[in-house]
Amino acid sequence: MAWYVVHVGRQTGVFSSWGDCHAQVDGFSGACYKKYRTKEEAFSAFYGQPGTNVASAAKNLNLIPLSRRDVVLVVLCAMLVVQALAIVYLIKKLM
């Protein structure tokens, strides 16, 4: 029996069927999942093995870690976009 680990998806975790796993990743942008042969392998991959951490997992996924400054800039940009959309909405409503 195959087991599936969803690291990035609607809901993360260990799933015992492809249908359950697929429901979490289908159409989810940036989904990250993997099939394992045994339950032990899947749980070990999801919950981590000794010596495994998020930084090493990110390297395996070719992810670029963001600095605190980068995160702040992204949040500020998102806030500006929301404010701009609110202004456009109000202007259209007043016309």
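**Description of the environment of Arg37**
Point 1. Within the element layout of this structure, Arg37 appears in the loop between β3 (32-36) and α2 (39-47).
Point 2. A sequence separation of 35 residues divides Arg37 from Ala2, and the C-alpha atoms of the two residues are 4.9 Å apart.
Point 3. Apart from residues lying up to four places away in sequence, Arg37 is in contact with Met1, Ala2 and Trp3.

**Details of the pattern of salt bridges**
Point 1. Under the counting rule described, the total for this entry stands at 1 salt bridge.
Point 2. Note that Glu41 and Arg37 form a salt bridge whose closest N and O atoms lie 3.5 Å from each other.
Point 3. The exposed category is assigned to Arg37, whose relative accessible area is 68%.

**Examining the sheet that holds strand β1 (residues 3-8)**
Point 1. In space, the 3 strands of this open sheet follow the order β2-β1-β3, with antiparallel pairing throughout. Bordering the open sheet on either side are β2 (13-15) and β3, each of which pairs with just one other strand. Averaged over all adjacent pairs, the angle separating strand axes in this sheet is 20°, with direction ignored.
Point 2. Note: β1 against β3, 5 bridges, orientation antiparallel. When the bridges of β3 are listed, Val8 appears paired with Cys32.
Point 3. Set on the sheet, helix α1 (residues 18-25) makes contact with β1, β2 and β3; between it and β1 the angle comes to about 15°.
Point 4. Helix-sheet contacts for α2 involve β1, β2 and β3, and the interaxial angle to β1 is about 10°.

**Focus: a nonpolar patch on the surface**
Point 1. A grouping of Val71, Val72, Leu73, Val75, Leu76 and Met79 is seen on the molecular surface, where their side chains present a nonpolar patch of about 480 Å² in accessible area.
Point 2. A relative accessible area of 38% means that Leu73 is categorised as partly exposed.

**Examining the confidence of the model for the protein**
Point 1. Averaged over all residues, the pLDDT of the protein is 85; the fraction at 70 or higher stands at 81%.
Point 2. For the protein, per-element mean pLDDT is lowest for helix α3 (residues 54-60), which scores 54, and highest for α1, which scores 95.

Calculation rules
Residues numbered from 1 in each chain as written. Predicted model: local features only at pLDDT ≥ 70, side-chain atom pairs only at ≥ 80, totals over all residues. Heavy atoms only, no water. Helix = DSSP H or I, 4+ residues; strand = E, 2+ residues; numbered from the N terminus. Contact = heavy atoms within 4.5 Å. Salt bridge = Lys/Arg side-chain N within 4 Å of Asp/Glu carboxyl O. Buried < 20%, exposed > 50% of the residue type's maximum accessible area, 1.4 Å probe, protein only. Pairing = 2+ DSSP bridges. Axes fitted to C-alpha atoms, helices over the stretch in contact; angles between N-to-C directions. Patch = residues over 30% accessible without salt bridge, like charges linked within 9 Å, V, L, I, M, F, W, Y side chains within 5 Å. Areas by Shrake-Rupley, 256 points an atom, 1.4 Å probe, with all protein chains shown as cover. pLDDT = per-residue confidence, 0-100.

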